Every structure is written in structure tokens, then in C-alpha cells.
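Notes for the structure review
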Amino acid sequence: MISFPHPDDFLRVLPELFWCGFGMLIMLLQPFVKSRHFLMFLALLGGLLGGVGTMVAGMNGGSAFYGLIQMDTFSFFFHLLISGVVCLVVLSADSYLEREHLDAAEFYALVLFATAGMGVLSGAQELLTAFIGLELSSISSYVLAGYRRDALKSSEASVKYFLLGSFATAFFLYGIALVYGSTGTTQLNLMSGADPGKVLLKLGLALILIGLCFKVAAAPFQVWTPDVYEGAPTPVTALFSAGPKAATFALLLRIFATVPAATHFWFWSFWVLAVLTMFAGNLGALVQTNMKRLLAYSSIAHAGYVLVAFAAVTTLADRGTDLGGIPAYAAVLFYLLSYALVKVGAFTIVSQLGGKGEKLTTLEDYAGLSQRQPVAAAALALFLLSLLGLPITAGFFGKFYVFKAAINSNLIWLAVLMAINSIIGAYYYLKVIVTMYMREPSGEAAALAPVPFPLTVNIVLVVSVLGTLYFGLFPGQTLNFLLHRALIATAR
Amino acid sequence: MIPSAHLLTVLIFFPAVGSLALLLLRAEDHEWIRRLALTVATAEFLLSLLLLWGVPLGSSGYRLEEFIPWIKVAMTGGVPHYINYHLGVDGLSMFLVLLTTLLTPISMLASWHSVEKRIKEFFVTLLMLEVGIIGVFLSLDLFLFFLFWEVMLIPMAFLIGIWGHERRIYAAVKFVLYTMAGSILMLVGILWLYNVTGTFDLPAIQQALQNNPQILGGYRNELLLFLAFFIAFAIKVPLFPLHTWLPDAHVEAPTAGSVILASVLLKMGTYGMLRFCLPLFPEASHRCAWWVATLAIIGIIYGALVALVQPNLKKLVAYSSVSHLGFVVLGIFTFNTIAMQGAVFQMLAHGISTGALFLLVGMLYDRRHTFEINQYGGLATPLPKLSALFLFVVLSSLGLPMLNGFVGEYLILLGTYQVKWTWAAWAAVGVILSACYLLWSYQRVFFGDVTVEKNRSLADASSRERFILFAMCAVILWMGIGSSFITRRTANAVETVRQQMDRPSWQEGSAPTSPARIQLSVERLGTR
């Protein structure tokens, strides 16, 4: 018997409705509106309303549409995070689009659609819904990656992302089929009683894991990342590195928190994934001379750090106690938050300094930046130090909590490996800082003039800088919220 | 005058406020920037003198404590766990803070004219460095300690990397990576400790381990934890095989950087050993003592031998630091009250003497822009005043009685002798060698005929330089004669460390007992 969904159900997907609605509105208005600032404003409004919608949805929490979507504090957090990211990305894209003479309306519409996809992904409680979210965000992303149509690299990025991405989604879909075959449902909250030893379930989950690992750029499924990050327009790269990653990790967490996955098998899978990813990212980044590629490899490495917390989630060690794996969940969430803030800020600066056609993205072009543009250099240095994990930045506490989670679960060796990776990472972050502050510009870089930073970009930077410092000095409140409220299925 | 309750916070953040004020000045106002920075640093020094009243003679435990819950990290069974903003000072940290606040204005004066580019940033960096260092010495919360320990790296790296000499970038990166490699392992250790004790607060952890050492879960864990902390500190000291960053950093750093690096930063390592390694992990410290002492002795002799053959004056001083710090580590790891007192004194004495040596080398560099010894020779003729002061400092560094170097070395050797005479014998070789390399290099630089024509017309010490050097020499002399002023005040802190080390050892059944340990514990009893 089919009944019409309860009105509350629509409240619970309010952010997605806003994002999609504004995306379509922008597309419709495109022929009539000439001002790109107005379009930016509309997109920003959409993003902000998404945030407001999240608040409303959070107050009316619960599952929607017969359990397809779950609005709990967990997805509340991710929706807020994603709407924050999208607002920052929209702001940083404005001057970029103007500089590159790109069409604004389609861009913002696609960004909003991708955002809606991420929202669905982080709220989905049913695998096919998750698949729809994944596809929505992915397909918009493929287009966005190739948005600089004339640039060869951008098209290459798009094609590469599309081919590999659809391959990965196929894995994901096949995984869903196998899980369905084994448990008889695609709804996550009905799977908690499943027998974790079943081969079919294991196989299905493994395929799902592979599909999602591709999206978060975990090794050995990370090879697309540097090329796509480099080729895509930089504001899009900022979106890629923060949004889909957070949403996909949200889905992964939800799956592995509900499905009985606290077994050695999953623990070792995450252990190996984490170690591979950290090393792949950090070692790869060591030899990069292009800022976008360097940050791309760094984001692979950071996915590895998050996976360390995942390994902590899946250990048996602290299951059954009143705390469960909660500190580890909180660590993942906090990490993603700090990471998103910093990455968006860093890519915004890279985008702004890139100059027309993004020609100035090599490390050499950053020589003497501290003299030329002291504020931009200081902000970028702060972001890099946060990625490095130096105290009084958000990144430090992100890393700190992951460390803590790992050690809580007695994963001392994994913590040590992560420590080693942090040091490798320190080298290339320092390399950039050294270039900015200690090297004199040579060759073409010597003739560079300071690039003016428009208001929109400055807002992004102020928000990221203040956020980075705030979460670096007073992470307690946020963490408490994450620890005690964002407990999703662990509360079972 | 009675120090107020928030003296420690003021001490830590006053330079930060000062550097913010500096940022407000225009970058072209060089003279005002220098003056303001110097005023801030001097005021900071005067403020820090209040500590002498804050830590009265004969007091034990921490004084002037400040305790504010800062970040709630977890909640177990309804009990919240906090990272605390916990500061405190005792006889040990007080003098290290004083050393820092004294040397910061001195090194500012020393760079008055020698630093010419990006002057504003230079002084801001120096002040921020001071913030970090004082924070390290005053933190009583492991997390806070780690935070300052890491934050301090960046200004130091900038000092080396921006205002240093030719290979400055290499040296700066090497410095950061070495220190970070150690400290990140220490972070793992800190978290592990938190995991077993449920707190980051040093006194609380100390108490918890004292009451029930079993929570560590076996000697193996204690050893691993000890190593996590010890390696971080050993890199900073630096202990023998981990010292390779030091010569590079010293040689490439500007004078002010070298002074702070040698005088204060290295002491953070030995301070950490005294404050954390020994009291928290006594058994591991005892069992590792033989290895540590051996490395320290190798460091003493190796550092001295390398210094002996150095053609580069600054590198020579740098290697002499490796040698002198070896003494400190040796003194600490004999666990003998006298030797540990000596180690603390030597930390301060080395800070002053080596700081002064670097200042002098920097002054020579300002005149000739080279550190090569063979570029000098016979400088006593054109520079009589400078060479006299140089000799004074050299003599203090090689341990002439009545000057500061003697007290520390003598106490260390005396205490070590009581524990193990062979160690003392080996270490004494270092004393002889230090006389060799210091006097020989002094002779090559200042005595004989003037070999390089350019050197004839060099200007002697200016009034600014004389002021700096006289101040340093006065401290050297005062520490040599009035050493009991310091030793009486550090005695209780050292004794506390010794008492904290008396913890029942792991059951004989749980871990195999090594012959070395039995021997050591017998000797410990003997010294009572």
C-alpha cells in the first residue's frame, strides 16, 4: 500500500531541496540575467539557505521517505559542513570565472547539484539512495572538472575522472547487489543483525568499499587524483578536495557502523588501506613542483589519516563499552571539518595567485611571495602548517584526535606509522613555506606583480583563517558536540 | 614586592603582546622597531626577575601555579577529562626562564646592526621564539608542553632560514625535520600516557604512576614510553648519533639565532629529561642509564675531537656544545644528587658561556664576513679589547676555577665518580680536550703576527659590543663565585626528581633482571 510521504519528510531533506531548487533557478535565469555577481549571489544564497535548511531539518530529525534518508545529528553535521564548503567555493569562484571568461550560471548550477548529491550521500540510510547521491555528485563533478573547455588539461581531467569514476560506481553498484543478495535488504538499519561471516556480505561490502575508496582517493585507487585536481579549475578542486570526500566518508562511516563490521577482516582492510594511502600520498607529494598537484597528493595523504581513525572504529578493542568507537567517529568528523576548512582556503589562494589560464601554479612562482603579498603568504603558511599538524591550528587537533583514537584502540604501530608519515609530510609543506619566505624570486617570478584579492576571496580567507585558529585553540565545544550528539548508529 | 598570581601567564604572553605592537610599526622605522623590541625584551627580563621572589629558598614543588581547564577531551563515567592550562615554576625551570629572558635582549643588541633585511619580522620572530621557549619551561601539562615545544620550531626555523648564511634553507629544514621527527613520537607517547592515566596533567600523571605503576602494564611499555620521550629530548640536546642537525643549524643561523639555539633551545632537551623521563619512567631510566651514559661520553669525546680539527670557528663552538651537553646528560643519568645538581648548573653555565662565544664569533664575522680560522690570526694587535674579552669567555668555557664552567663540570665529575669511576675518567678526557681545542683556536685567531693584511685595520669592540660582553662576563664571574646562589635554589627541584624516581620496580618475575641494573641499584644504595 502506498501512502503519500509525511510532510515532515520534506522538512528533513530541506537542504537538498534548497540546493536543487536554486540550481534549477539559476539555470532558468541564465538567459535573462547578465550580471555574474547576481548569479553568484543566488548561488551563495542557495548555499546559505541549505545551511538554514539543515538547521530546520536538524530540529525535525528522524528518518524520511520510508527510511531512505536519515536526518540525525550525524548527517546534520555533514550537511552543515557541506553547505559551508559550497558557500566558500562559490565565493572563491566568482573572480575566477570572471578572469577565465567562463560561463557562471552553469557553473553555479552544477556546483549546487553536486552539493545536493553530497547531501544525499551523507544522509542516505539506504544503499540505492546513496548510489543516487553518489551519481548526482559524481556526474556534476565530471562536468565541473572539464569546465575549462579550452584547456587541454581540464578536458583530460574530465575524461579521466569520468572513465575511472564510472568504473568505480559500477563496483559500488555491484557491491549493493551482493549485499542485497546476502541480507535481503538495501536498508542499512535493517542489516545490523546480518551474519558478518557470510562470504557474500563480505564480498559485497568489499566491492562497496572499493567504490567508495575511489571517491575518497584512498590508495591503491588514488591514481586519478593528481591529474584531476591539477586539470580541474581550482575552485572546483577546492570543492573536490573537501565536499565529496567528506560526504563519502560519511557514507562509509554509516555503513561500517551499522553493518556488523567489527571483525578482523575489516580492521585489517582499513589498516592496510590507511598505511598504503598515507605513504602513497606523502611520498608522491615529495617530488611535486606544482602546487595543485602537491595539494592533491597531500589530500591523498590526509585520506590516509582519516582511514587510520576508521581502523580504530573497526577494532574490537573498545566495542561493548559504553563509549564504543565514539571517540574514533568524533575524530573522523573533526578531522574532516578541519581539513575542509584548510583545503578550501589553500586552494582559493592558489586559484587567485594562478593568474589567467592558471599558468602560475608551480612552486617557483611562489618564491618571495612573503615580500610580494605578505597577507596571502601568511594565510597560505597557516593553512600549510595546519595540514602539517602544528599546534594552535585546526589540523593539529584533527591529527591529535586521530592519534588519540588509534592509541585508544591500542593501535600503537599504526599511530607510529602515521607519525612517520607526518614527518614525511612536514618536508613538503615546509618546502612551500621555505619557498615563500626564504627564497628570492628568480626568473619570471621576479617580475610578478602582486595580484589583487577581491572582496569575495578575502571573505573566504578570513573565514578559513579564523576557523583554523578557532578550532586550533578551542576545539572542545565542537568535539563535545561530536562526541555526545553525533553518535549515529553507534548508539544502538 | 610580591609577585601576583598571574605572573607566569604574563611572562609567557608579554613578548607576544610586544610583537603585536611591533607589527603596528611601519617597516621603515628601523630605529623604533629595534628600540621597542629591546624595551619589550628588557621589561620581560625584569619581570622574570620577580620569579626569584616567587620561588623562595627552600621551597619544594611548583610555585605560582595556574590551573584552568581548557579543552574537554573526553568523558568517562561522568568524569570529564580536560587538557589544562597548567603552569608552574620550580627551582629548575626558574633559572632556565631567567636564562631565556636574559639572552633575548642580549641577542637583540647583538643583531642591532648585523641584521639589515626584514628588520620588523626579525624582532617579531625573536619575541615569538621567546614566547615558545618560556612556555615550554613553565608548562605542567603534557599537552601544553608539547604545544609550545612545536610552536617554538617555526620562529627558530624562520630565524635560520631567512636571516642565515649561504646554506640556510637546508639547515632550517633539517632542523625542523629532526625536531619534528622526535616530537611526533613524543606525541604518541603523551597520548599513550593519557590513555593509561586519563589525564595530561604532569603532577597528576606523576601521582597516578607513583600510586600504581602497574597501570603501565609491564616494563616493556615503560621502556617504549621512555624511548618516545627520550628520543625527542635526545635530538634536541643533541645526544651523539642524533646531533648532525646542530652544526648545520648553528653555522647557518644568524648570531642571535645561534645564541638562542645554543643557550636555551638545547636546554629544552635536558630539561625534558629531568622533568619527564626520569620521574615518569624511573625503571627504564635506570636500565638505560648505561647506554645513555655511553652515548653521552662518546658525545663528549667525539664533539671535542671534531672541534679540535675544525677550520670553521663557528662550527668549532657548535661541536663544543655537543661535548658540553654530553656532560649534562651524563650528569643526569647518574641519578646522583651531586651530579644532577652539576648537570643543572652546567646547563645554565653552558648557556651563558657558549652564548657569549657565539656573540664573539658573530662580532668577528661582522668585521670580516668569514668564520674560517685561517682568515684570522694575530687579532690581538688590532682588537685588544675584544681579544681580552674573548679570552675570558674561552677560559670560562673550558672550566677555569672561579668561572662558571668549572662549577658544573666539577660537580658532574664528582657525582659521576661516586657512581662509576670509569665514566668519570672517560668524561675527564673531554675536559682536557676542551682546553686543547679552545686554547689552540684562540691562539690561532688572536696570537702571533697579523697574517691577513685586511685584519690590521679592523675596529675594536664598539661601546654596544663592550656592553654586551661585559654583561656576559659579569654573569660568568658571578656564577663562578656565587654559584651557591643557584645551587641552593635548584637543590630542592633536583631532590624532588630523585625522590620521584623511587618507585617499586617491576616484579622480578615479570621482567628479566639485568646484571647492570643490580649493580646500579646497589650503587644507588651506596650513595645514600
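Remember, predicted model here, so these are calculated numbers, not experimental data. (Residues numbered from 1 in each chain as written. Chains lettered and ligands numbered in written order. Predicted model: local features only at pLDDT ≥ 70, side-chain atom pairs only at ≥ 80, totals over all residues.)

Once that is clear, we can look at the overall build of chain A. Along chain A, the regular secondary structure elements total 19 helices and two strands. Overall, the C-alpha framework of chain A stretches about 65 × 55 × 40 Å when taken along its three principal axes. Counting over 492 residues, chain A shows a buried share of 63%. In chain A, once contacts between residues fewer than 6 apart in sequence are set aside, the share between residues at least 24 apart is 80%. (Helix = DSSP H or I, 4+ residues; strand = E, 2+ residues; numbered from the N terminus. Buried ≥ 20, exposed ≤ 12 C-beta atoms within 10 Å, placed from the backbone. Contact = placed C-beta atoms within 7 Å.)

Attention now moves to the overall build of chain B. On a plain count of helices and strands, chain B comes out with 21 helices and two strands. Since a compact globule built from 528 residues should have a radius of gyration of about 24 Å, the 23 Å found for chain B is in line with a globular shape. Taking the principal axes of the C-alpha coordinates as reference, chain B spans close to 75 × 55 × 45 Å. Counting across all 528 residues of chain B, residues that qualify as buried make up 58%. Within chain B, counting contacts between residues at least 6 apart in sequence, those at least 24 apart form 80% of the total. (Rg over C-alpha atoms; globule rule 2.2 N^0.38 Å.)

Turning to the interface of chain B and chain A, a few remarks are in order. The interface of chain B with chain A comprises 26 residues on the first partner and 23 residues on the second. Going through the elements one at a time, β1 (63-76), α6 (142-151), α7 (153-163) and α8 (168-197) of chain B are the ones with two or more residues in the side of chain B that touches chain A. Element by element, the count of residues in the side of chain B that touches chain A is highest for α8 of chain B, at 15 residues. Looking at the side of chain B that touches chain A, its residues break down into 20 nonpolar, three polar and three charged. (Nonpolar A, V, L, I, M, F, W, Y, C, P; charged D, E, K, R; others polar.)

Below, the discussion takes up the packing of helix α2 (residues 30-49) of chain B against helix α4 (residues 91-110) of chain B. Residues and elements named next belong to chain B. For the pair α2 and α4, interaxial distance at closest approach is 9 Å and the crossing angle is 160°. One way to sum up the angle between α2 and α4 is to call them roughly antiparallel. Helix-helix and strand crossings are classified by hand; for α2 and α4 the assignment is left-handed. Here Ala37, Leu38, Ala41, Thr42, Glu44, Phe45 and Ser48 of α2 lie close against α4, whose contacting residues are Val97, Leu98, Thr101, Leu102, Thr104, Pro105, Met108 and Leu109. Of the residues in the contact of α2 with α4, the class split is 10 nonpolar, four polar and one charged. (Axes fitted to C-alpha atoms, helices over the stretch in contact; angles between N-to-C directions. Parallel < 35°, antiparallel > 145°, perpendicular 65-115°, else oblique. Left-handed = near helix turned anticlockwise from the far one by under 90°.)

All names here are of chain A. Segmentation of chain A into domains returns domain 1 (1-165 + 229-254) and domain 2 (262-492). Using C-alpha coordinates to define each centre, domain 1 is positioned 22 Å away from domain 2. On the side of domain 2, 34 residues touch domain 1, which itself brings 27 residues to the contact. Among the elements that take part in the side of domain 1 that touches domain 2, helix α4 (residues 73-100) stands out by supplying 13 residues, more than any other. Among the residues making up the side of domain 1 that touches domain 2, the classes are represented as 15 nonpolar, six polar and six charged. (Domains from an automatic or database assignment.)

What follows concerns helix α10 (residues 234-258) of chain A. Residues and elements named next belong to chain A. Under the 1.5 Å per step criterion, the end-to-end length of α10 is 36 Å for 25 residues, consistent within 8% with the ideal 36 Å. Along α10, the sharpest kink reaches roughly 30°, centred on Phe240 and followed within four residues by the proline Pro244. Extensive coverage of α10 is indicated by the burial of 25 of its 25 residues. (Expected span 1.5 Å × (residues − 1). Bend = angle between axes of the 7 residues up to and from the residue.)

A cis amide bond links Ala219 of chain A with the next residue in sequence, Pro220 of chain A, at an omega value of 0°. Within the fold, Pro220 of chain A resides in the loop between α8 (199-216) and α9 (224-231). Here Val237 of chain B and Pro238 of chain B are connected by a cis peptide whose omega angle stands at -5°. Look at Ala217 of chain A: it is not a glycine, yet its phi comes out positive at around 60°.

Further remarks concern the nonpolar core. Residue and element names in this part refer to chain A. Counting residues in each nonpolar core, the largest one holds 394 residues, and the members touching the most others are Tyr108, Val111, Ala309 and Val332. Here this core gets 20 residues from one element, more than from any other, and that element is helix α13 (residues 326-353). Formed jointly, this core draws a minimum of three residues from each of two domains, domain 1 (1-165 + 229-254) and domain 2 (262-492). (Core = buried A, V, L, I, M, F, W, Y, C linked by C-beta atoms within 7 Å.)

With that settled, consider helix α17 (residues 412-438) of chain A. Over its 27 residues, α17 of chain A runs 37 Å from end to end, which matches the ideal 39 Å to within 8%, given 1.5 Å per residue. Within α17 of chain A, 19 of the 27 residues are buried, leaving the element largely enclosed by the surrounding structure.

This part is about the packing of α4 of chain A against helix α5 (residues 104-123) of chain A. Residues and elements named next belong to chain A. It is the contact of α4 with α5, at a shortest axis distance of 10 Å, that shows an interaxial angle of 165°. It follows from the interaxial angle that α4 and α5 lie roughly antiparallel. Between α4 and α5 lies a crossing whose hand is right-handed. Along its contact with α4, which presents Ser75, Phe78, His79, Ile82, Val86, Val89, Val90, Ala93 and Leu97, the element α5 presents Ala104, Phe107, Tyr108, Val111, Thr115, Met118, Gly119, Ser122 and Gly123. The residue makeup of the contact of α4 with α5, split by class, is 12 nonpolar, six polar and no charged.

To continue, consider the environment of Met108 of chain B. Residues and elements named next belong to chain B. Relative to the assigned elements, Met108 resides in helix α4. It is 23 Å that separates the C-alpha atoms of Met108 and Glu150, two residues lying 42 residues apart in sequence. Beyond its immediate stretch of four places on either side in the chain, Met108 contacts Ala37, Leu38, Ala41, Phe123, Leu126 and Ala256.

Moving on to the environment of Tyr339 of chain A. All names here are of chain A. Mapping Tyr339 onto the fold places it in helix α13. Spatially, the C-alpha atom of Tyr339 lies 26 Å from that of Leu127, the residues being 212 residues apart in sequence. Tyr339 has contacts with His302 and Gly398, leaving out every residue within four places of it along the chain.

With that settled, the discussion passes to the confidence of the model for chain B. Residues at a pLDDT of 70 or more form 94% of chain B, whose mean pLDDT is 86. Across residues 508-528 of chain B, confidence stays below pLDDT 50; counting only partners more than four residues off in sequence or on other chains, it has 17 contacts. (pLDDT = per-residue confidence, 0-100.)

Here the focus is the environment of Leu386 of chain B. Residues and elements named next belong to chain B. Here Leu386 is to be found in helix α16 (residues 384-397). Measuring from C-alpha to C-alpha, the distance between Leu386 and Ala459 comes to 9.7 Å, with 73 residues separating the pair along the chain. The residues touching Leu386, leaving out its near neighbours within four places in the chain, are Met363, Asp460 and Ala461.

With that out of the way, let us pick up the confidence of the model for chain A. On average, residues of chain A carry a pLDDT of 86, and 94% of them reach 70 or more. In the predicted structure, residues 317-322 of chain A sits below a pLDDT of 50 and forms 10 contacts with residues beyond four places in sequence or in another chain.

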